[in-house]
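Okay, here's what each chain looks like letter by letter:
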Amino acid sequence: MTEPAPSAAPPLRPVPVPPELVLLDRDGTIITETGYLLDPAHLVLIPGAGEAVARLNRAGVKVALVTNQSAVGRGWLDEAGLARIHDELGAQLARDGAHIDLILVAFEHPTEGEGIYRRDSPRRKPNPGMLLEAMVHFATPAERTCMVGDGARDVVAARRAGCAGILVKTGKGHAELAEARAELGPALPVTEDLGAAVDLLLGESAQAK
Ligand SMILES: [Mg+2]
């Protein structure tokens, strides 16, 4: 008799080469991980991240930011403050000829949010809500979509959304590698950084490790 699989979760979908849509985590993936970023003056791109986004732009791949920002739900940052941070992100990316086509943010936190923000939102990663929203926005099927992030929750969200996922080792990625592999299995694609993830996505290298 065959043993049941340890988890009923489906495997992560293979990385589409090239994809039509790439979903990017923000902190630790595009910009340096600083805990809770509250001041645009503290925003720093990870080296090579702007050029990596620009390569996706030039290849005609849509790029969406999908980011948990519970600082808003906790009352530490208002939406105007978050907009200023994303204006700064856009300005820094533009210096590398890069842009983001869509920004989706989950403000909620299940235990630390204030008022309406205290809930386990279907949009907050590892839930797949924002990923699904982005796919609907661009009318892109899951099999042509890939999530890239430095957190185990990013790649778990990818699996739940039915798309591909790549873990980058920047930010928290190195520390989360074991948890992510435990969740997703040894076939989880892992790259050093966003630039290497884009190499993989554009078929320009086979450097996934
Ligand atoms: Mg992150």
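Relevant structure appears above.
Values in this document were obtained by computation on a predicted structure and should not be read as measured data.

A. Structural detail: the overall build of the protein. Of regular secondary structure, the protein possesses seven helices and six strands. Counting from the amino terminus, helix and strand elements in the protein follow one another as β-α-β-α-α-β-α-β-α-β-α-β-α. Relative to its length of 209 residues, the protein is compact, with a C-alpha radius of gyration of 16 Å against a globular reference of 17 Å. In terms of its C-alpha atoms, the protein occupies a principal-axis envelope of roughly 55 × 40 × 35 Å. Each of the 209 residues in the protein was classed as buried or not, and the buried ones make up 47%.

B. View of the pairing of strand β4 (residues 145–149). Of all five residues in β4, five are buried, a share of seventy percent or more. The side-chain alternation of β4 yields two buried faces, one formed by T145, M147 and G149 and the other by C146 and V148. In this sheet, β4 lies alongside strand β1 (residues 21–24) in parallel orientation, the contact comprising four bridges. Each residue of the ladder has a partner; that of L21, found in β4, is T145. Here β4 pairs with strand β5 (residues 164–168) via four bridges, running parallel.

C. Spotlight on the packing of helix α1 (residues 49–58) against helix α7 (residues 194–201). Taken N-terminus to C-terminus, the directions of α1 and α7 make an angle of 20 degrees; their axes are 8 Å apart at the nearest point. Our classification of the angle between α1 and α7 gives roughly parallel. Read as a crossing pair, α1 and α7 show a hand that is left-handed. In this structure, α1 contributes A49, E51, A52, R55 and L56 to the contact, and α7 contributes L194, G195 and V198. Residue classes in the contact of α1 with α7 are distributed as five nonpolar, one polar and two charged.

The rules we used
- Residues numbered from 1 in each chain as written.
- Predicted model: local features only at pLDDT ≥ 70, side-chain atom pairs only at ≥ 80, totals over all residues.
- Helix = DSSP H or I, 4+ residues; strand = E, 2+ residues; numbered from the N terminus.
- Rg over C-alpha atoms; globule rule 2.2 N^0.38 Å.
- Buried ≥ 20, exposed ≤ 12 C-beta atoms within 10 Å, placed from the backbone.
- Pairing = 2+ DSSP bridges.
- Axes fitted to C-alpha atoms, helices over the stretch in contact; angles between N-to-C directions.
- Parallel < 35°, antiparallel > 145°, perpendicular 65-115°, else oblique.
- Left-handed = near helix turned anticlockwise from the far one by under 90°.
- Contact = placed C-beta atoms within 7 Å.
- Nonpolar A, V, L, I, M, F, W, Y, C, P; charged D, E, K, R; others polar.

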